[in-house]
2 protein chains.
Amino acid sequence: MNKKDKNSRNKADTDHGIPAPETQLFNTKFSRRDMLRLTGASGLGLLLGGGGVGGIMAARQAAGRAVPAAAALGQNEEQAETIPFYGKHQAGILTPAQNFLCFASFDLTTTSISDVQKLMQAWTTAAAALTSGTMIGTANDKPNLPPTDTGEADGLTPSKCTLTFGAGPALFDSRFGLSGKRPASFTDLPAFTGDSLEPQWCGGDLCVQACADDMQVAFHAIRNLARIARGTAVLRWTQEGFQRSGSADPSGGTPRNLLGFKDGTGNPDVTDETQMRNIVWNGSADGTAWMNGGTYLALRRVRFRIEVWDRSSLSDQEATFGRHRQSGAPIGAGDEFAELNLAAADATGKPLIPPDSHSALAHGDGSVQMLRRSYSYSSGMDLKTGQLDAGLVFISFQKDLMKQFVSIQQRLSKNDRLNEYMVHTGSAVFACFPGVREGGYIGELLLG
Amino acid sequence: MNKKDKNSRNKADTDHGIPAPETQLFNTKFSRRDMLRLTGASGLGLLLGGGGVGGIMAARQAAGRAVPAAAALGQNEEQAETIPFYGKHQAGILTPAQNFLCFASFDLTTTSISDVQKLMQAWTTAAAALTSGTMIGTANDKPNLPPTDTGEADGLTPSKCTLTFGAGPALFDSRFGLSGKRPASFTDLPAFTGDSLEPQWCGGDLCVQACADDMQVAFHAIRNLARIARGTAVLRWTQEGFQRSGSADPSGGTPRNLLGFKDGTGNPDVTDETQMRNIVWNGSADGTAWMNGGTYLALRRVRFRIEVWDRSSLSDQEATFGRHRQSGAPIGAGDEFAELNLAAADATGKPLIPPDSHSALAHGDGSVQMLRRSYSYSSGMDLKTGQLDAGLVFISFQKDLMKQFVSIQQRLSKNDRLNEYMVHTGSAVFACFPGVREGGYIGELLLG
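Residues numbered from 1 in each chain as written. Chains lettered and ligands numbered in written order. Predicted model: local features only at pLDDT ≥ 70, side-chain atom pairs only at ≥ 80, totals over all residues. Heavy atoms only, no water.

**Some remarks on the side chain of B:Ser159**
- Tracing the chain through its elements places B:Ser159 in the loop between α8 (113-131) and β2 (162-167).
- By relative accessible area, which is 2% here, B:Ser159 ends up buried.
- Within the structure, B:Ser159 has its side chain in polar contact with the side chain of B:Thr157 (distance 2.9 Å).
- Once residues within four sequence positions are removed from consideration, B:Ser159 is found in contact with A:Ala248, B:Glu81, B:Ala212, B:Asp213, B:Asp214 and B:Val217. (Helix = DSSP H or I, 4+ residues; strand = E, 2+ residues; numbered from the N terminus. Buried < 20%, exposed > 50% of the residue type's maximum accessible area, 1.4 Å probe, protein only. Polar contact = N/O pair within 3.5 Å; in protein donor to acceptor, adjacent residues only side chain to side chain. Contact = heavy atoms within 4.5 Å.)

And the structure:
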């Protein structure tokens, strides 16, 4: 897949492996909205002999033949909502962050690698449907069997759904004979100063990052993938996330985290292919053949001490981030995207941007970068403290966890002023496979 | 407030107590997006002497005078996103359900009724700002003090935010001298068959239902109201909810719950004033003067046994609801909005819609109705069972809890086929005050 296309929020996909509408219908795959159109139109309903299960089946069969008129309806509109699933790289990495996240970590319950292969094959087929707004396998539904699609996204657009799959370090233990394929620097993260990790938010054999502009679409994807995994893998943990929706912020500015500060200002440019090769994608020279075109994901579940933060002064908050709250600009500058000038000082020689501020420490000498793609979360209250359990699902993608995420996080965990206001409660890393071609399956170079 | 206006998703408010833009700016209240426009435009930024806190303050002061041009920008657009806060009834009841819910239950930590009055006065001022996309009191912010607004919704539209306030039965105990004002039938709900309530999801002295088309806007509202309550009330529990977003379902059809079925088909028509008087609103003849124009809210946190449901056949699922999954029509009918014909039978005389189906039991003889306004929820995994903690935040509004919600729920809890697939884990009822006029405060007829 061409990177430029993957990052476009509006450009319709035309040539990256998404079947043309005719092909879709010939294969008796129906978009969720086609179904609605076909069965919702009362005239057509009568024509098909009334409702009920029989009527729905009749509608489906009719839809398989009555192709062009129905398929043409709203086609451009839907394609604009579709992020191609197949391609050189997985989607959901360079894709501009959609409004919602459902992140799921799975534990395998099998010890057979062929079961894992079958799971990945089934997940690939389902993921292609889920990301294109197609119901999973409903053409074969029978009233006396459970429906193949759980149905809560029936009638909804694809909503830019992406599904990104990865393998945790645990997959390379002795169970599947894969220990020889573990990339050298791919291990669980070292302990960081101040970590307060809870086992229920850590690790996993496999992950799926579902993102979509609609929460119900993202939930539906994870729920159906978990269902398909039954007998082979079980959910280990899940975490929802959100950011301000695009429609609430027509300016399209950098989103704010729950501390009220813009988050993502210093991110590298995902449209710069050279930067992405240097920062995100593993290439053929990176040693691990099955990761060529893949990347490594680091996730940290970071609870904010919201009540403490809310009692701190604006100047303390700005010194903590090293940025102005309202504009997002580095302290002393007026523009959000101004360079971080760590040498700037006031009349007394005191640095304008405190050296232990979050921005200064995360930036360091500027030589190490990663691609952040985080979401806010709000999970009700923490029963132990009576305070809001809300914060950040920090997610970053990088070529090398140790050289990038770990080196930055070691600096931050020791000295970051922000540490006073947050606690890391969850942690996981995953090797995100390269993209998959139609006919292939996710992770086939590792598992095949 | 005129009900028709409250229910309009698009009509701009012009005459229901929202100050004209000139008034807003004269009072140094700025919409979150005005702030962005004024300080974000680099030309203006330079004019105002650069960034930083000083620059922002200068921008605010300048904005207080440079009225018409700035205020005119996008005015219609924003008003379409605004649901009036002031009016005869509270918003968030007849308002078509926005995409997101943040529901908060509070416990008072004071025993002084004047503290409660002050809280409601402060909440009223804040709620008027939060629902109109105005920053809370930022005109008085000083760098050495905590910001008065936590900032994460800075730059976002009002996003149809509504805040609905209510009092729980506990408020009428001996603490505040209000026991004489408790409406006769307003008590905690009786125990229902099969209840599996957990104390952390039950009850509360006060509630705030925040709804908005943007999750960050809804979260921001609850977080700031909780902050304002500090010293007087603490959060008891919170629960987020969602439905499919309007943009994911351009057809605007009835949303589906997480069991894949349409939920809300049989709801009364909120534009029918007579129905609303009969079903929802307390009037002057209903005996409790401070509830004239108010209504009662019942909330049930219902966890779905998703894994069990997903193993049941389509025909079992449809028999459980008494409706077809795809169309939402009653079994045997083709149209979602067809009347529920409980007498319809097949050739052997067996009712098409099982008498113990959810639809049949909820409908009963059709004489008792309530207005449902529920959301789906997904709260990660239940650590005890290893299954998804997802389901429904059931919310209904009615004139009389006992005659409406309780009578229906007693029928359902005993015989509903759906009980096999769900468990009620939380429960609360609140008396939602009548609406408030500008200059007044929420609950003043009760507390004043």
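Don't stop here, the text continues.
**What to know about the relation of the copies chain B and chain A**
- After a rotation of 180 degrees and a shift along the axis of 0.0 Å, chain B superposes on chain A with an RMSD of 0.0 Å. One copy is carried onto the other by what is essentially a two-fold rotation axis. For chain B, the residue whose C-alpha comes nearest the rotation axis is B:Ser379, separated from it by 3.3 Å.
- Of all interface residues in chain B, 99% are interface residues in chain A too; the two copies therefore contact each other through one and the same surface. (Least-squares fit on C-alpha atoms with pLDDT ≥ 70 in both.)

**Concerning the pairing of strand β1 (residues 100-108) of chain A**
All names here are of chain A.
- Where burial is concerned, most of β1 is hidden: eight out of the nine residues are buried.
- Relative to strand β3 (residues 206-212), β1 runs antiparallel, the two sharing seven bridges. Looking across to β3, one finds that Ser 105 is bridged to Cys 207.
- As judged from the nine bridges shared by β1 and strand β4 (residues 233-242), these two strands associate in the antiparallel manner. (Pairing = 2+ DSSP bridges.)

**A short note on the interface of chain B and chain A**
- Listed per partner, the contact involves 79 residues of chain B and 78 residues of chain A.
- Counting each side, the surface lost to burial between chain B and chain A is near 6,200 Å², with a carbon and sulfur contribution of 57%.
- Of all residues in chain B, B:Arg223, B:Asp310 and B:Gln326 give up the largest surface area on contact with chain A, accounting jointly for 11% of the area buried on that side.
- The interface formed by chain B and chain A includes four salt bridges.
- A salt bridge links A:Arg223 to B:Asp310, with the nearest nitrogen and oxygen atoms 2.9 Å apart.
- Where chain B touches chain A, the interface holds 32 residue pairs in polar contact (both at pLDDT 80 or more).
- For the side of chain B that touches chain A, the elements supplying multiple residues, two or more each, are α3 (32-40), α5 (52-65), α9 (215-228), β4 (233-242), α11 (306-309), α12 (314-321), β7 (375-382) and β8 (387-398) of chain B.
- Looking at which element gives the most residues to the side of chain B that touches chain A, the answer is β4(B), with six residues. (Buried area = accessible area lost by both parts, 1.4 Å probe. Salt bridge = Lys/Arg side-chain N within 4 Å of Asp/Glu carboxyl O.)

**Observations regarding the packing of helix α8 (residues 113-131) of chain A against helix α9 (residues 215-228) of chain A**
All names here are of chain A.
- Where α8 contacts α9, the two axes come as close as 10 Å, and the packing angle between them is 155 degrees. Classified by the interaxial angle, the pair formed by α8 and α9 is roughly antiparallel. As α8 runs across α9, the sense of the crossing is right-handed. Here α8 contributes Leu 119, Ala 122, Trp 123, Ala 126 and Leu 130 to the contact with α9, which in turn contributes His 220, Ala 221, Leu 225 and Ile 228.
- Residue composition of the contact of α8 with α9, by class: eight nonpolar, one polar and no charged. (Axes fitted to C-alpha atoms, helices over the stretch in contact; angles between N-to-C directions. Parallel < 35°, antiparallel > 145°, perpendicular 65-115°, else oblique. Left-handed = near helix turned anticlockwise from the far one by under 90°. Nonpolar A, V, L, I, M, F, W, Y, C, P; charged D, E, K, R; others polar.)

**Overview of the environment of A:Phe337**
All names here are of chain A.
- Among the structural elements, Phe 337 can be located in the loop between α12 (314-321) and α13 (358-363).
- Phe 337 gets classed as exposed once you look at its relative accessible area, which sits at 56%.
- If near-sequence neighbours (up to four positions away) are discounted, Phe 337 is found in contact with Thr 254 and Thr 265.

**Looking at the packing of aromatic side chains**
- Tallying each qualifying case throughout the model produces 33 aromatic pairs over all chains.
- Plain terms: the ring middles of B:Phe261 and B:Phe321 are 4.3 Å apart, the flat faces sit at 15 degrees to each other, and that makes the pair stacked. Taken together, the residues span a long stretch of sequence, with B:Phe261 in the loop between β4 and α10 (273-279) and B:Phe321 in helix α12 at a distance of 60 residues.
- With 5.7 Å between their ring centres and 40 degrees between their planes, B:Phe394 and B:Phe405 make a pair best called tilted. Here the residue B:Phe394 occupies a position in strand β8, and B:Phe405 occupies one in helix α14 (residues 402-415), the gap between them amounting to eleven residues.
- An aromatic cluster of three or more residues is present, and its members are A:Phe172, A:Phe186, A:Trp290, A:Tyr296 and A:Phe433.
- The ring of A:Trp201 carries A:Arg301 above its face, with NZ or CZ at 3.8 Å from the centroid. (Phe/Tyr/Trp six-rings, centres within 6.5 Å; stacked < 30°, edge-to-face > 60°. Lys NZ or Arg CZ within 6 Å of the ring centre and 35° of its normal.)

**Observations concerning the UniProt feature "domain: Dyp-type peroxidase N-terminal" (unreviewed entry) in chain A**
- Mapped onto the present numbering, the UniProt feature "domain: Dyp-type peroxidase N-terminal" (unreviewed entry) falls at residues 90-243 of chain A.
- In this annotation, residues 90-243 of chain A is assigned 21% helix and 21% strand; the end-to-end C-alpha distance for the span is 22 Å. (UniProt positions renumbered as here; feature names shortened; annotations may be inferred.)

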